[in-house]
There are 2 protein chains.
Amino acid sequence: MNTNNCYCVIMAGGAGTRFWPVSRVARPKQFLDVAETGKTFIRHTYDRMLKIIPKDNILIVTAGRYRDLVMEQIPELESHNLLLEPYAKNTAPSTIYATYTLLKRNPDAHFMVMPSDYIIENEEMFANTVKDAFEYVEKNDVLLTFGVVPTRPDTNYGYAQVCGGRDALMSNEPVKVKTFTEKPDKALAKIFLGSGEFLWNAGMFLWKAETIRKEMEKHLPQVTGLFKGWEHALGTGVEEEFVRKAFADCMNVSLAYGVMEKTDMAWIYPVQFDWQDVGTWESLYNYLTDRDEAKNAFSAGKVLAEDSKDTMVISPEKKKLIAIKGLEDYIVVDTEDVLLICPKDDKKFKDFISQIAMPEFEKYR
Amino acid sequence: MNTNNCYCVIMAGGAGTRFWPVSRVARPKQFLDVAETGKTFIRHTYDRMLKIIPKDNILIVTAGRYRDLVMEQIPELESHNLLLEPYAKNTAPSTIYATYTLLKRNPDAHFMVMPSDYIIENEEMFANTVKDAFEYVEKNDVLLTFGVVPTRPDTNYGYAQVCGGRDALMSNEPVKVKTFTEKPDKALAKIFLGSGEFLWNAGMFLWKAETIRKEMEKHLPQVTGLFKGWEHALGTGVEEEFVRKAFADCMNVSLAYGVMEKTDMAWIYPVQFDWQDVGTWESLYNYLTDRDEAKNAFSAGKVLAEDSKDTMVISPEKKKLIAIKGLEDYIVVDTEDVLLICPKDDKKFKDFISQIAMPEFEKYR
């Protein structure tokens, strides 16, 4: 197909604290290389897309405050490909912004929505899959998402049940989605896993710009209404003011909840490439290769560990001696201004870290 | 009595790692203020003695490498009152050096041997006790040590059994010692405590210089022999060379083992003043006043503690946020170049820390 019609919108606006205290509001995960690959997540994502579609067709959507971080990582990005969100309103408003922008540029645009913080190691298989997906949406008027065969009853992911049950997944072709379920509890996740008719929703979407425009106007009229008529403002001197007003007034809503769960045009493509949403300290643990016999994993300078196991020690500056004894299933993170010692269980970490929302901890966020 | 005959020899040569990583070989405990009193241990010790005896009668014995640290803390110390040990050979050789030095200066010298790293809060009672002890040794030819009534079966102390049993302790007068036992095991310590006829040996000694000279020549002739004739070298240009040779050749032996356990002139003075050999992280725990409801104790900047109890957090720079969850009975010490996380139990700490003797950890000692 003609890749001139193929676009990618990289979503890079997240400001999570899931890798706190290494990730901060001032430098979130996508601008870091916590998995020690040699490149930040966003740079990996950009380079991966560059192998598939023309450079000028890759857009980045991010928060205004991350403009400099994006330009630091992707200095070759041209300013018309950088869409700045004045307020964080989740993925649906950003996608609306990108959709109108692309439609004005090319009414035949197809585009992929790609998170900026995934690890995908088999890039060739990824590229082939994405190309196939672009071809599929050219021929089929669907909202396509990418699905991964689940390997464990993970409660951090969204699950998609396919029409036609497990047999429908045999073909490795896109399948119509029956239901979406975001982050089920453990019991439900086990049932999903056992049934064989669920896939993890990998959070990557692909569609014709025109198709998603129609579906958003249908399912999120209270959001798209705010942007009515702004096609004329795009690329002009009033764009920034227009965008600021629309985002200020609009609700916070995700693509998954606002569109995908409501549309009857959702299809899912069972993909074969490895994919990891390394979104928590616990999931990062599997990526660290420097580990000892007791399965302690290190991204640090010198470590002395005794009577400890399954524990992660993270010290981005890699200068200190970190001496630990008697820790099991812990995470130890030592940064310049914060030391964290916490069980590495995602929920315990998340609950604990929610406290840094208190005003007294503002400077450490 | 005439305080011109009263001297004090402050022992400040120790290079322990008991407060590692805050104390280092390069700056051991006596030059620190880990208990946050506002003054270092050695400065407290010096000031405490200044209230009892003339300034010119207070000597400090330390390792050559600590000369600058002593002068930083006691800038008014005159050089003839600073005795430098060329090699660390424990307390007996240092005491021999001090004994000959004092005898040359004043044949009627009485002197107290005082560790430099104790906490004694009731300084007036201490002063009165020391004065009484000087008077006692003036009249009685004994090797006097100070005893504290034990309050728990502590295995870190030496115990002295008195002649005459518990009745002998009623008078609060010096009592003859029957036996010394260094660091008994827990079972034995409990028996000692229950018997009522044991005191903790506080490691402070007081005697006539002439008495200790004779007893050392009797019980440690292999050490005193090395120093024979050196009275003539003292205070001359060859002193340093003489001392270096004597220390190089001499054995490593403590006053307690080399003299006190062997002599039949050991007496012990049951003292009333509070006395704490804050010699381990665990014992320091009781001194930290900044603590929360869960008995976590802090000497740090900002701390966020959850599901944690009886845990100490020490951060001498007091700059970081230290966020801990799920730690019980731990010590967390964060210094510029070392982070330690370890159960605060003395033995576990000591065993763990013994590993820093390995060559790879040299720079962190």
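For every chain, the first residue of the written sequence is number 1, and numbering continues from 1 along that sequence. As a convention, the first chain written is A and the first ligand written is 1, with the rest following in written order. Predicted model: local features are reported for residues with pLDDT of at least 70 only, side-chain atom pairs are reported and counted for 80 or more only, and whole-chain, interface and lining totals are derived from all residues. Note that water and hydrogens are dropped before the side-chain values are worked out from all heavy atoms of the structure.

Peer 1: Break down the pairing of strand β15 (residues 338-343) of chain A for me, with residues and values.
Peer 2: If a strand is regular, its side chains alternate between the two faces of the sheet. Relative accessibility thresholds used throughout: buried, under 20% of the residue-type maximum; exposed, over 50%; partly exposed, between the two (1.4 Å probe, protein chains only). Secondary structure elements are taken from DSSP: a helix is a run of H or I of four residues or more, a strand is a run of E of two residues or more, and numbering for both begins at the N terminus. Of all six residues in β15(A), six are buried; the element is thus mostly enclosed. Two strands make a pair as long as DSSP finds a minimum of two bridges between them. Here β15(A) runs beside strand β13 (residues 321-325) of chain B; their pairing, made up of four bridges, is parallel. Paired with Leu340(A) across the strands is Ala323(B), a residue of β13(B).

Peer 1: Any chance you could break down the sheet that holds strand β12 (residues 312-314) of chain A for me, citing the residues and the numbers?
Peer 2: On the basis of which strands lie adjacent, the open sheet formed by six strands has the order β10(A)-β12(A)-β14(A)-β15(A)-β13(B)-β11(B) and mixed pairing. Of all strands in the sheet, those bounded by a partner on one side alone are β10 (297-299) of chain A together with β11 (302-306) of chain B. Within this sheet the neighbouring strands show an average axis-to-axis angle of 5°, counted without direction. The contact criterion used is simple: two residues touch if any of their non-hydrogen atoms lie within 4.5 Å. To get an axis, a line is fitted to the C-alpha atoms, and for a helix only the part in contact is used. The angle between two axes follows their N-to-C directions and goes from 0 to 180 degrees. Across the face of the sheet, helix α12 (residues 346-353) of chain A comes into contact with β15 of chain A together with β11 and β13 of chain B while running at roughly 140° to β15(A).

Peer 1: Go over the interface of chain A and chain B with me, naming the residues and quoting the values.
Peer 2: Each partner contributes residues to the interface: chain A has 32 residues there, and chain B has 32 residues. Reported buried area values correspond to the accessible surface (1.4 Å probe) lost by two parts on association, with both partners' losses combined. When the two sides are added together, the surface that chain A and chain B hide from each other amounts to roughly 2,900 Å², 65% of it contributed by carbon and sulfur. Together, Leu321(A), Lys325(A) and Leu339(A) form the three largest contributors to the area buried by chain A at its contact with chain B, with a combined 23%. By convention in these notes, a salt bridge is any Lys or Arg side-chain nitrogen within 4 Å of a carboxyl oxygen on Asp or Glu. In this structure, the connection of chain A to chain B is made through four salt bridges. Between Lys320(A) and Asp334(B) there is a salt bridge; the shortest N-O distance is 2.4 Å. Listing elements by their share of the side of chain A that touches chain B, those giving two or more residues are β11 (302-306), β13 (321-325), β14 (330-334), β15 and α12 of chain A. For the side of chain A that touches chain B, the leading source of residues is β15(A), giving six residues. The class makeup of the residues in the side of chain A that touches chain B is 19 nonpolar, three polar and 10 charged. For this classification, Asp, Glu, Lys and Arg are treated as charged, while Ala, Val, Leu, Ile, Met, Phe, Trp, Tyr, Cys and Pro are nonpolar and the rest, including Gly, are polar.

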